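# Architecture at a glance
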Amino acid sequence: MLKRNAFLIFNNIISELYRCRNYPDLGLYFLPMLKMLVPNRYASIMRREEKGNKIRMIDPLCVPAEFETAERNYMRFADDDYTGWLTHCRESTIFRESDLVGEQQRLRSTIYQKCYQEFDVYDSVQYAIVYSGRPLGVLSLFRCRGDLPFTDEELFLVSSVGTHLNQHMATILGRMDRGAAALGYDIPAVVARYGLTNREAQLLELLTRFWDNREIAEALNVRESTLQKHYQNIFQKFGVTSRWAIMRLLQEGDPRL
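In this text the structure is predicted, and so the values were computed from the model without any measurement.

### Digging into the side chain of Arg243
Note on placement: Arg243 falls in helix H12 (residues 243–252). Setting aside chain neighbours within four positions, we find Arg243 in contact with Leu207, Trp211, Asp212, Asn213, Tyr231 and Phe235.

Here you go:
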C-alpha cells in the first residue's frame, strides 16, 4: 500500500501528466514531478522512431537539461547498448540495470564510458513505454554511486505511473503525427536537418502550434529576452529573419528535408 504522502504525490504527478499538451511538456512538467516520488539525479524520456528496418531512440527530454549531452551521446552509440532490446518490447517492462549485469561490465561498457561516466552515473531504472503492443519510447531514471539503490517499491511506483504514461504519450505522439502530416512536415526531420538543440526543438514544437511568445516563454520557463536569444539561434540555422518565415518554410516544404 502506498503511504499517504506518496499517494498524494502520485496523484499530483498523474494530474500533471495529463496536463501535458505536447511531447516537450513531458520534460518540462512531468519529469520534475516524478523526481518527488522516485528521487533521481537525472531523468530522461526518449521516443522511438522506426523508419524502414531502422529503429532508433530520438528527441531526448532531460532533467536537468545538461543531461541531454549524455543522451545525445547515447544516440550515437546505441548499437553498443546491451539493453537495446527494451525498444522492441511489446508490453511495458521495467528493470534495474544493476540486476542485469555486474558492476564491472556496466562501468567498462562503451555506453557508460562514452555517455554516462562524465555524469558519475552508477545505476539506472529503465521503463519501456508501450501502448496496445506498440513500443513508444523509454523512461530512464539515474542515480550516482553515493546514492541509495533503487528499491522494489520505487520500481512499483514507476510502473504505476508508467501505466498512465503509456496511454498519454500515445495520445501526444498521435496528435503530433497527425499535425505534422496535416501541415506537411516532420518535426524530427527538421530538428535533425538543422541541428537544433533540445530547447530549440521544444520552442519549434510550440511555435508550430501557433502559440504566442508569452505562452512559449511560460511553457519553457524562460524570460522573453532569453526566448529571443533562442529565436536568433534558430533564425540563423534556418537562414531566415522571423518566426513566420520558419512557418512558411515548413508549410511550403523545404527541399533539403
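### A short note on the nonpolar core
Among the nonpolar cores identified, the biggest contains 35 residues, and Leu26, Phe30, Leu37, Ile45, Leu139, Leu141 and Met169 are the most heavily contacted of them. Elements with a minimum of two residues in this core: helix H1 (4–19), helix H2 (23–37), strand E1 (42–51), strand E2 (54–63), strand E4 (121–131), strand E5 (134–144) and helix H7 (152–183). No other element matches the nine residues that H7 contributes to this core. Apart from residues no more than four positions distant in its own chain, Leu141 is found in contact with Leu34, Val38, Asn40, Tyr42, Ala43, Asp123, Ser124, Val125, Phe150 and Val158. Leu28, Val190, Leu227 and Phe235 belong to the second largest nonpolar core, which has 27 residues in total.

### Considerations on empty space enclosed by the protein
Counted under the stated rule, the structure contains two cavities of 30 Å³ or more. Considered as a void within the structure, the largest cavity measures approximately 320 Å³ in volume. Lining the largest cavity are 26 residues, and of these Tyr74, Asp81, Thr83, Tyr116 and Gln126 lie nearest its centre. Of all the elements in the fold, those that place two or more residues in the lining of the largest cavity are helix H3 (68–77), helix H5 (103–108), helix H6 (110–116), E4 and E5. Take the lining of the largest cavity: its biggest share by element is five residues, from E4. The residue makeup of the lining of the largest cavity, split by class, is 14 nonpolar, seven polar and five charged. Approximately 120 Å³ is the volume attributed to the second largest cavity. Looking at the second largest cavity, it is lined by 13 residues, and the ones nearest its centre are Tyr23, Pro24, Asp59, Ile187 and Ala201. For the lining of the second largest cavity, the secondary structure elements donating two or more residues are H2, E2, helix H8 (187–194) and helix H9 (198–207). Of the residues contributing to the lining of the second largest cavity, the split by class is seven nonpolar, two polar and four charged.

So, how was this worked out
- Residues numbered from 1 in each chain as written.
- Predicted model: local features only at pLDDT ≥ 70, side-chain atom pairs only at ≥ 80, totals over all residues.
- Heavy atoms only, no water.
- Helix = DSSP H or I, 4+ residues; strand = E, 2+ residues; numbered from the N terminus.
- Contact = heavy atoms within 4.5 Å.
- Core = buried A, V, L, I, M, F, W, Y, C linked by side-chain atoms within 4.5 Å.
- Buried < 20%, exposed > 50% of the residue type's maximum accessible area, 1.4 Å probe, protein only.
- 1 Å grid on protein atoms, 1.4 Å probe; cavity = no way out; pocket = protein on both sides within 12 Å on 5 of 7 lines; lining within 4 Å.
- Points joined across faces, edges and corners; volume = space filled by probe spheres on them.
- Nonpolar A, V, L, I, M, F, W, Y, C, P; charged D, E, K, R; others polar.

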